[in-house]
Structure formats: structure tokens, C-alpha cells
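Working through the structure, step by step
Given next are the chains, with one letter for each unit.
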2 protein chains.
Amino acid sequence: MLQTVQKAAQVLRLFTPKQPEWGVTEVAAVLGIPKSGAHALLRTLAAEGLLQRTPNGRYRLGWSLFELSQTLLDSSALLRAARPIMERLVAGWGETTQLAVLVDGQVLYVEKLQGDRALEIVLSGVGKRLPAHCSGVGKVLLAHQPWENVLAIVERTGLVSFTPNTISSVEQLRAELERVRQQGFAYDQEEVMVGLCCAAAPIYDESGQVIAAMSLSVPAYRFYPNRQRLTTAIVDAARRVSEELGYYQEAWPWENGKPSRSRSSGLATSVPT
Amino acid sequence: MLQTVQKAAQVLRLFTPKQPEWGVTEVAAVLGIPKSGAHALLRTLAAEGLLQRTPNGRYRLGWSLFELSQTLLDSSALLRAARPIMERLVAGWGETTQLAVLVDGQVLYVEKLQGDRALEIVLSGVGKRLPAHCSGVGKVLLAHQPWENVLAIVERTGLVSFTPNTISSVEQLRAELERVRQQGFAYDQEEVMVGLCCAAAPIYDESGQVIAAMSLSVPAYRFYPNRQRLTTAIVDAARRVSEELGYYQEAWPWENGKPSRSRSSGLATSVPT
DNA sequence: GGCGACCGTTCAGAATGCACGAACCGATCG
DNA sequence: CGATCGGTTCGTGCATTCTGAACGGTCGCC
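1. Quick notes on the pattern of salt bridges
All chains considered together, the criterion is met by 32 salt bridges over all chains. Between Asp104 of chain B and Arg129 of chain B there is a salt bridge, and its shortest N-O distance comes to 3.8 Å. Of this pair, Asp104 of chain B sits in the loop between β3 (96-103) and β4 (106-113) while Arg129 of chain B sits in strand β5 (residues 129-131); the two residues are 25 residues apart in sequence, bridging distant segments of the chain. Among the residues examined, Asp104 of chain B registers a relative accessible area of 43% and is labelled partly exposed. Where salt bridges share partners, they join Glu67 of chain A together with Asp104, Arg129 and Arg156 of chain B into one cluster.

Dropping the structure here:
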């Protein structure tokens, strides 16, 4: 694990919408490294285009990151597969649908399509992160992680409470994740914001790994009466995306680890690399 | 210049739309480093979320890059300032307008608004790179670089010819950049694609540095009759963006280097090396 | 207007962490 | 069933990075 690269990545992660500009001294202070080291990191990253210098000698994120991100999106089967299905979902329900992945133990929202009946959800947004324990997509994603990973995440970030409904104990979380894994979907019942609910379902890639989660966000008063229909809608949509990605299940919510390969020999071999 | 970080950045740059997936052995071969080294780089980058693993053990770009890119866009005054002005430009002319920056000696397109009268320009596109010597925006950006930088870029990448009009000699380039710098705008007269022209102008930040370029792309048969009006339109639009960014010029296309602050002792003033 | 504090940058010595090649393991294909 | 290819691991020696102190420019305060 090359520590120099780790530190470089740490430096990149410092740059947030709230603090998009950093100086050598600040970085050194926050990371607890000597100024000269921080300087070397920043300077190298800037030379590589991952950072750029401001007129006053400080640093901001560089355009290379934009290029890399575009390459990622361009080559990402996930977004290509999910977008049209999300559009149909929004057209049918008029609610907001979101697509998210797990990054570093947190939920990263990758796509968000807003419906005409939808209320504006300010907390989540494309490119934004949220803790995983409180949202529908977060619980889906955590549920398909090894429990030891989940524990490590929780120990690192804690279980921040957004509303009285937010999961606040590890035991509660363990039970909830178990349920989510078995039933194949998750609810967020006003756990991140009072009055806001959502139903979320996992998206599998061709190897059976859960790589993303999709959700329909609905105001509470429209959620509870329609829970069943919402659930089937999001589960079905997520299943269609998974199939688009090359995941052909025999029995659906079954054995989260590696379902294919050994089960019925012929099937897994037909998957193109 | 931390070489480990340099190599990590090199690895990231390998991932392109054409080859979005790499294995350890390939990376080691292309970079000329031992497999174990490539493995360490890839593994670390993946652990940091800058790469992700595919089901078959190879590597693709990771979602962290998407997050960083969104942070960059969110905090970028350039795009915020340019977009509305580009929209008005498109509304007025019905032609395509583009915004580009210089990354690593090449033009990186950052925004592209297509007009209703416009022909589809396939070569350029958001997140795509092109050589700088052949496009309007590229010539504008090069013109405001120190000539030694330009030389280094040309020596590294050569002067690829797209059409008979493409600049193909260093002397030709030097003269053209000199003209562009003095007149404050550049034309691309079918230099990248036969039948396609554009007019481009520089965008300055508050310190007087050229940080981007804007262009109007027009089919040749509409370009030549309207060249004068196109020129004033794009120059004016770019000037408005610059002013939005805090650049208040006294006399406009004048003294490319560092106009404000100090006149005589001006060379080493703003950014120390 | 001059003094001081702050910040980015440079430098040289010291040890730590990376580079390297060989060996391991698992999958894939003939 | 064996051979080849790809990803992974491991231990050692050397070079690279880390460290802390000093430099020089800029800004703000007195």
C-alpha cells in the first residue's frame, strides 16, 4: 500500500465544495505532515493536472479530474443502462429517482432524476455523499457488504442521527441489514428527513456483485399508502438494470456472495468478458 | 517531484474511453515497470476509490473521480460564469459554442452548447481532448503560453495534420500565435475538419492569466461571409466572462503577460515558482 | 511607510518505504 | 490433465522520500 499515493489521495479528498481551495500550510496542518511534504504533494499533483494553482499560489482541483470523470461515465455500463429505466420510472410515478454507489463506506449519488410531483431533496445530489446507514440506497449497499466492513465503517464514522427514525445502534443496523438482504429491498421511512421516505433496490453486475442501488423518493403521505406498488416498481426497475448489465439470476434474492459459476455449469460461461 | 505520485497519475491517464479497463500485466508493460510495482499502484489507487476492480480482477476508473469532478465543477467560477453567456450566444446565433482549457499541452473541452442550426461536431466533445495547434481555442490558449512551453508541447506531440489547412510547421505556428496574441482572437479556417470554421477568444481570470478559451463553430459557407460579426460576438462574450471572473482590463488586447499589478517589474510578481 | 507575521519554497542529512525479481496460486484453454 | 497467463505475495537492498530549519516574497497591522 504505497503511502505516498495514499497521502496524495488524501490530499485530493480535502477539496470539497465547502473548501475548494487549499494552501500548503493548511494541508500540512490538517494531515499532520511537515510543510515540505505537503508542498511536494501539492506541487506534484498540480504538475500532473490533478490540481491547478490559483493566482495567489494556492491550489484547486484540476481539469484532469473532469476528463477522467467523463471517461468514467463514458465507459460506465451502469449509467448507460440505468438512465433510460430511471427516466421511465420518473415518467410513470412523477417522483424522484436516484442512483448511488458505495465509496469509502459512504453513499455517493451518481444520478438523480427529479419528477414533477417531487419535492426538492436538498441533502442528496449528484456528486454528493451521505452516510450509508440512514438512506434506502445506503442500507441496500451496506447489506451486501461483508459485516466486518460494515462494522469498520460504523466505527470510523459513527451512526449520525438525522431524525428520530435514524438507525442509531449497531444491533439495530445489523438486524435491518439482514432483513434488507433477505427481502431484496430497503425502505427509508423518514430516517434522513422527516416527511421523506424512499424504497430502494440493489443492482447487480454480471458476476453477481451489488455495484449500485436505485431508489424512488416519495413524500411520506404518498409513501405509506402506496408502499407495496412502490416496492415492486423499484425492485423491478433495478432488476431490469441488472439484466442489462449481464446478470441473469435463477432465483432472485439468494446467497449474496457469488451465486453463479458453480451452480448450473453452462450458464456462467456464456457471459462475455 | 514525488515519482510515486507521478506514476500513479500516469496510471490514471492510461484509462481512456477506448481502453477503460487495464490489468496489472498490461500496465506494467506499457509503463515499463515490474509487475509488482504496477500491482502496488493499482491496488493502492483502488483502495483509495480512484480505481475500482472489475469482477475479473482488472481495474477501471473509480467513482471517487466522479465525486471530485463534481466538486471541481461546483466550485468552478469559470463554468458558472460562462454557461449563461454561452447560452445567449447559442440563442442568438444558432451555432455551436464551446469552452475549453489547456491540460497537459492539449485542448480539453469543458462545455459544449449546440445550436439548432449547427452541424454535429463529432471530434470535439465535453471531456474530450484534441491537439492544440489546429483549433481556434487551442491557438488562443497556446498563444498565451510562454513560447518555450509551446515548443516543448510541439516536440512531444508533433503537429498532426487533419486537413490541408492544418498548421504543420513550427515557424507557421510561431507566426500564427503571435498574430493571435496581438489581435486578441483566433480563427480556425477548416484546419481540423474541412467545411468547419470557428472564431475563438481568450478568457482571463482576475490576475490577468488566460485560463480558458471560448469559440463559435460555424460551417464554412456561413463563416466567411460573417467573419467580422462572429469575431466581435465571441470576443465580446469572452470579455463578459472575464469580467464576471473579476478581470477588469484597462486596455484590452494589450500586453499578454501580466497586465495588472505592477507594470515594470512585472515578470516574477504573482506566482513564485 | 516600515515592521512583523504568514505562507510558499528550498535545501541537506538521515532512515524509512519503495522497487525489484522470484515464487505462489488460481483460472482458463488446449 | 498439464501448461500458460494473469493477479498476488514476500524479503532484501538501495534510493527516495521525510524531516525540520532557513529563505524570500507578500500582506496586513501598527
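2. Details of the packing of helix α6 (residues 136-143) of chain A against helix α8 (residues 170-183) of chain A
All names here are of chain A. The N-to-C vectors of α6 and α8 enclose an angle of 85°; their axes lie 9 Å apart at closest approach. Classified by the angle between their axes, α6 and α8 sit roughly perpendicular to one another. Packed against α6, whose contacting residues are Lys139, Val140, Leu142 and Ala143, the element α8 presents Glu176, Leu177, Val180 and Arg181 at the interface. Across the contact of α6 with α8, the residue classes break down as five nonpolar, no polar and three charged.

3. A short note on the protein's contact with DNA strand D
Around DNA strand D, the structure places 20 residues, and the nearest of them are Pro34 and Ser36 of chain A together with Gln3, Thr25 and Arg53 of chain B. Considering the 4 Å shell around the protein, atoms of DNA strand D inside it are sugar or phosphate in 62% of instances. At 2.8 Å, a side-chain N or O of Ser36 of chain A approaches a base oxygen of DNA strand D. Lys35 of chain B is positioned with one of its side-chain polar atoms (N or O) 2.8 Å from a base oxygen of DNA strand D. For the surface near DNA strand D, the elements supplying multiple residues, two or more each, are α1 (3-14) and α3 (35-47) of chain A together with α1 (3-14), α2 (24-31) and α3 (35-47) of chain B.

4. Describing the sheet that holds strand β8 (residues 210-219) of chain B
All names here are of chain B. Here we have six strands laid out as an open sheet, ordered β5-β4-β3-β8-β7-β6, and antiparallel in their pairing. The open sheet has two edge strands, β5 and β6 (186-189), and neither has a second partner. Neighbour-to-neighbour, the strand axes of this sheet turn through a mean angle of 30°, independent of strand direction. Here seven bridges tie β3 to β4, and the two strands are oriented antiparallel to one another. Note on β4: the bridge partner recorded for Thr97 is Leu113. Sitting on the sheet, helix α5 (residues 77-93) is in contact with β3, β4, β7 (196-204) and β8, with an inclination near 150° to β3.

5. Topic: the interface of chain A and chain B
In this complex, chain A contributes 55 residues to the contact, which on the side of chain B involves 57 residues. Where chain A packs against chain B, one counts four salt bridges. Salt-bridge contacts for Arg129 of chain A lead to Glu67 of chain B; the nearest nitrogen and oxygen are separated by 2.7 Å. Seen at the junction of chain A and chain B, the total is eight residue pairs in polar contact (both at pLDDT 80 or more). Of all the elements in the fold, those that place two or more residues in the side of chain A that touches chain B are α1, α3, β1 (51-53), β2 (59-61), α4 (63-74), β3 (96-103) and β4 (106-113) of chain A. The greatest single-element share of the side of chain A that touches chain B, amounting to 12 residues, is contributed by α4 of chain A. Of the residues assigned to the side of chain A that touches chain B, the class counts are 29 nonpolar, 16 polar and 10 charged.

6. Looking at the sheet that holds β4 of chain A
With antiparallel pairing, six strands are arranged side by side in an open sheet as β5-β4-β3-β8-β7-β6 (chain A). The outermost strands of the open sheet, each flanked by one partner alone, are β5 (129-131) and β6 (186-189) of chain A. Direction aside, the axes of adjacent strands within the sheet are offset by 30° on average. Looking at chain direction, β3 of chain A and strand β8 (residues 210-219) of chain A are connected through five bridges and run antiparallel. Bridging across to β8 of chain A, Thr96 of chain A finds its partner in Ser217 of chain A. The sheet strands contacting helix α5 (residues 77-93) of chain A are β3, β4, β7 (196-204) and β8 of chain A, and the helix crosses β3 of chain A at an angle near 150°. On the sheet, helix α4 (residues 63-74) of chain B packs against β3, β4 and β5 of chain A and is oriented at approximately 65° with respect to β4 of chain A.

7. Considering the environment of His39 of chain B
Residue and element names in this part refer to chain B. Considering the arrangement of structural elements, one finds His39 in helix α3. C-alpha separation for the pair His39 and Leu113, spaced 74 residues apart in sequence, amounts to 41 Å. Excluding residues within four positions of it along the chain, His39 makes contact with Val24 and Tyr59.

8. A word on the protein's contact with DNA strand C
Close to DNA strand C lie 18 residues; Gln3, Thr25, His39 and Arg53 of chain A together with Pro34 of chain B are nearest. Taking Gln3 of chain A, its main chain carries an N or O atom lying 2.7 Å from a phosphate oxygen of DNA strand C. The side chain of His39 of chain A places a nitrogen or oxygen atom 2.9 Å from a phosphate oxygen of DNA strand C. Listing elements by their share of the surface near DNA strand C, those giving two or more residues are α1, α2 (24-31) and α3 of chain A. Here the element with the most residues in the surface near DNA strand C is α3 of chain A; it accounts for four residues. Residues that form the surface near DNA strand C fall into these classes: five nonpolar, nine polar and four charged.

9. Re the confidence of the model for chain A
Per-residue pLDDT for chain A averages 88, and the proportion of residues at 70 or more is 91%. Here residues 251-273 of chain A is a poorly scored stretch, pLDDT under 50, and it has 26 contacts once near neighbours within four places are set aside; other chains count.

10. Quick word on the relation of the copies chain A and chain B
In screw terms, the move from chain A to chain B is a rotation of 180° and a rise of 0.0 Å along the axis, fitting with an RMSD of 0.1 Å. Within this description, the copies of the chain are treated as partners about a two-fold rotation axis. Most of the interface of chain A is mirrored in chain B, where 96% of its interface residues again form contacts.

11. A look at the side chain of Ser124 of chain B
Residues and elements named next belong to chain B. Residue position: Ser124 is located in the loop between β4 and β5. Take Ser124: its relative accessible area is 5%, and that puts it in the buried class. A distance of 2.6 Å separates the side chain of Ser124 from the side chain of Gln98, its partner in a polar contact. What Ser124 contacts, discounting residues up to four positions off in sequence, is Gln98, Tyr109, Lys112 and Leu130.

Definitions and limits used
- Residues numbered from 1 in each chain as written.
- Chains lettered and ligands numbered in written order.
- Predicted model: local features only at pLDDT ≥ 70, side-chain atom pairs only at ≥ 80, totals over all residues.
- Heavy atoms only, no water.
- Salt bridge = Lys/Arg side-chain N within 4 Å of Asp/Glu carboxyl O.
- Helix = DSSP H or I, 4+ residues; strand = E, 2+ residues; numbered from the N terminus.
- Buried < 20%, exposed > 50% of the residue type's maximum accessible area, 1.4 Å probe, protein only.
- Axes fitted to C-alpha atoms, helices over the stretch in contact; angles between N-to-C directions.
- Parallel < 35°, antiparallel > 145°, perpendicular 65-115°, else oblique.
- Contact = heavy atoms within 4.5 Å.
- Nonpolar A, V, L, I, M, F, W, Y, C, P; charged D, E, K, R; others polar.
- Near = heavy atom within 4 Å.
- Polar contact = N/O pair within 3.5 Å; in protein donor to acceptor, adjacent residues only side chain to side chain.
- Pairing = 2+ DSSP bridges.
- pLDDT = per-residue confidence, 0-100.
- Least-squares fit on C-alpha atoms with pLDDT ≥ 70 in both.

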